[in-house]
Amino acid sequence: MSNGNFEPKIIGFFCKWCTSAAADLAGTSRKKYPANLIPIRFFCSSRVDPQHVLHAFKNGADGVLIGGCHFGDCHYQDGNYKTARRIALLHNLLNDMGVSKQRLRLEWISAAEGDKFTKVIKEFTDAIRKLGPLKGNGV
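Calculation notes
- Residues numbered from 1 in each chain as written.
- Predicted model: local features only at pLDDT ≥ 70, side-chain atom pairs only at ≥ 80, totals over all residues.
- Heavy atoms only, no water.
- Helix = DSSP H or I, 4+ residues; strand = E, 2+ residues; numbered from the N terminus.
- Expected span 1.5 Å × (residues − 1).
- Buried < 20%, exposed > 50% of the residue type's maximum accessible area, 1.4 Å probe, protein only.
- Arc of directions from axis to C-beta.
- Phe/Tyr/Trp six-rings, centres within 6.5 Å; stacked < 30°, edge-to-face > 60°.
- Axes fitted to C-alpha atoms, helices over the stretch in contact; angles between N-to-C directions.
- Parallel < 35°, antiparallel > 145°, perpendicular 65-115°, else oblique.
- Contact = heavy atoms within 4.5 Å.
- Nonpolar A, V, L, I, M, F, W, Y, C, P; charged D, E, K, R; others polar.
- 1 Å grid on protein atoms, 1.4 Å probe; cavity = no way out; pocket = protein on both sides within 12 Å on 5 of 7 lines; lining within 4 Å.
- Points joined across faces, edges and corners; volume = space filled by probe spheres on them.

**Regarding helix H3 (residues 79-96)**
Here is step 1 of the chain: Relative to the 26 Å expected for 18 residues at 1.5 Å per residue, H3 spans 26 Å between its end C-alpha atoms, a close match to the ideal helical length.
Here is step 2 of the chain: Burial in H3 covers these residues: Gly79, Asn80, Thr83, Ile87, Leu90, His91 and Leu94. The arc that holds every buried residue of H3, seen down its axis, measures 115°, which confines them to one face. For H3, the exposed residues set more than 90 degrees away from the buried face come down to Arg85, Leu89 and Asp96.
Here is step 3 of the chain: One or two residues past the end of H3 sits glycine 98, with phi positive at roughly 85°.

Here it is, written out as structure tokens:
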């Protein structure tokens, strides 16, 4: 399969209060974005365990997007700070496994940022499409 015909499978782990609400806003506003995303809602981005990310890659995801509240706006006080630290460690782990850190993206998207949500989905889908499928890369 050439990269020109490749359509990536992207798993999105989204905070219920912010990024998931932004996805809802994008939908009700009839914003268009690629259908490559499979969203999974968590109460907080900090509840996304590294094992969830590794499981997604192991089971066919070409990219993983984690979305949470902006710093200072977390409904659970400091959950997004924990997420930021965890993603830095995951980037190192993925690198050690031979997986480009570009396949794991973290974004802070508030409930009012439906436009930003669609922009991020488009950019990430294009970036993963350029990287090609993950299969055979060691996860």
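**As for the packing of aromatic side chains**
Here is step 1 of the chain: Inspection of the entire model under this criterion finds five aromatic pairs.
Here is step 2 of the chain: Both rings, one in phenylalanine 13 and one in phenylalanine 42, keep their centres 5.6 Å apart while their planes meet at 80°; by these two values the pair is edge-to-face. Residue phenylalanine 13 is located in strand S1 (residues 10-15), and its partner phenylalanine 42 is located in strand S2 (residues 37-42); the two are separated by 29 residues in the primary sequence.
Here is step 3 of the chain: In this structure phenylalanine 42 comes out as buried when scored by relative accessible area, which is 15%.
Here is step 4 of the chain: Summarising the aromatic geometry, the rings of phenylalanine 14 and phenylalanine 117 are spaced 5.6 Å apart at their centres and angled 75° between planes, so their arrangement reads as edge-to-face. Of the two residues, phenylalanine 14 is situated in strand S1 and phenylalanine 117 in helix H4 (residues 114-131); the sequence distance between them amounts to 103 residues. Just as phenylalanine 14 is buried, phenylalanine 117 falls in that class too.

**What about the packing of helix H1 (residues 19-28) against H4?**
Here is step 1 of the chain: The interhelical angle for the contact between H1 and H4, taken along N-to-C directions, is 95°, at an axis separation of 8 Å. Judged by the angle between their axes, H1 and H4 are roughly perpendicular. Two secondary-structure elements touch here, H1 through Thr19, Ala22, Ala23, Leu25 and Ala26 and H4 through Gly114, Phe117 and Thr118.
Here is step 2 of the chain: Its residues placed into classes, the contact of H1 with H4 shows five nonpolar, three polar and no charged.

**With respect to empty space enclosed by the protein**
Here is step 1 of the chain: Evaluated as defined, the whole model comprises one cavity of 30 Å³ or more.
Here is step 2 of the chain: By volume, the largest cavity amounts to about 40 Å³.
Here is step 3 of the chain: What lines the largest cavity is Ser45, Val48, Ile66, Thr83, Arg86, Ile87 and Leu90.
Here is step 4 of the chain: No other element matches H3, which puts four residues into the lining of the largest cavity.

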